[in-house]
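# Structural characterization, general
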Amino acid sequence: MAAIWNESNFEAEVLKSELPVLVDFYADWCGPCKMMAPIVSELAEEYEGKMKIGKVNVDDSRELAGQYQIRNIPSFIIFKDGQAVEKYVGSMKKAELSEKLEAVL
């Protein structure tokens with residue numbers, strides 16, 4: 001299961017993480033986001049111990065969405081050493097997202 005992050009825990013869980021982190025910026029009303037949810041959850045289990053994977057609800061965390069210039073959802077940002085290193089927008093197949101994760105490991 002992917003973790004849920006917001007303004008109160010984002011810095012500790014994402015920016016200060018020793019592992020690379022994939023953040024899925026989503027909203028409950030977003031169809032493509034709902035399609036990606038099971039994929040993100042599966043990847044969270046598969047990459048446990050190698051990468052942290054979690055979600056930020058853009059409706060609940062507007063400041064974070066603004067800070068990372070989230071204009072379309074789903075948006076995925078990979079953080080490494082506290083810095084956003086990759087950003088992808090839109091839904092994709094599990095294999096495609098997994099490839100992107102492997103590229104930063």
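Thresholds, definitions, all that
- Residues numbered from 1 in each chain as written.
- Predicted model: local features only at pLDDT ≥ 70, side-chain atom pairs only at ≥ 80, totals over all residues.
- Heavy atoms only, no water.
- Buried < 20%, exposed > 50% of the residue type's maximum accessible area, 1.4 Å probe, protein only.
- Helix = DSSP H or I, 4+ residues; strand = E, 2+ residues; numbered from the N terminus.
- Pairing = 2+ DSSP bridges.
- Right-handed = clockwise from strand over helix to strand, strands pointing away.
- Core = buried A, V, L, I, M, F, W, Y, C linked by side-chain atoms within 4.5 Å.
- Contact = heavy atoms within 4.5 Å.

## Comments concerning the pairing of strand β2 (residues 21–26)
The element β2 is largely enclosed, with a buried count of six among its six residues. Of the two faces of β2, the one lined by Val 21, Val 23 and Phe 25 and the one lined by Leu 22, Asp 24 and Tyr 26 are each fully buried. As judged from the six bridges shared by β2 and strand β3 (residues 52–57), these two strands associate in the parallel manner. For Val 21, the partnering residue across the bridge sits in β3 and is Lys 52. Between the parallel elements β2 and β3, the chain passes through helix α2 (residues 31–46) in a crossover that is right-handed. In the sheet, β2 pairs with strand β4 (residues 75–80) via five bridges, with the strands oriented antiparallel. Note that in β4 the partner of Asp 24 across the bridge is Phe 76.

## Comments concerning the nonpolar core
Phe 10, Val 23, Phe 25, Tyr 68, Ile 70 and Phe 79 are the most contacted members of the largest nonpolar core, which totals 19 residues. When residues of this core are assigned to their parent elements, the largest contribution, four residues, is made by β2. With near-sequence residues (within four places) excluded, Phe 10 lies in contact with Trp 5, Leu 15, Val 23, Val 56, Leu 64, Tyr 68 and Phe 79. Counting 17 residues, the second-largest nonpolar core is a separate cluster that includes Leu 22, Val 40, Phe 76 and Tyr 88.

Purely geometric numbers; function is a separate question.
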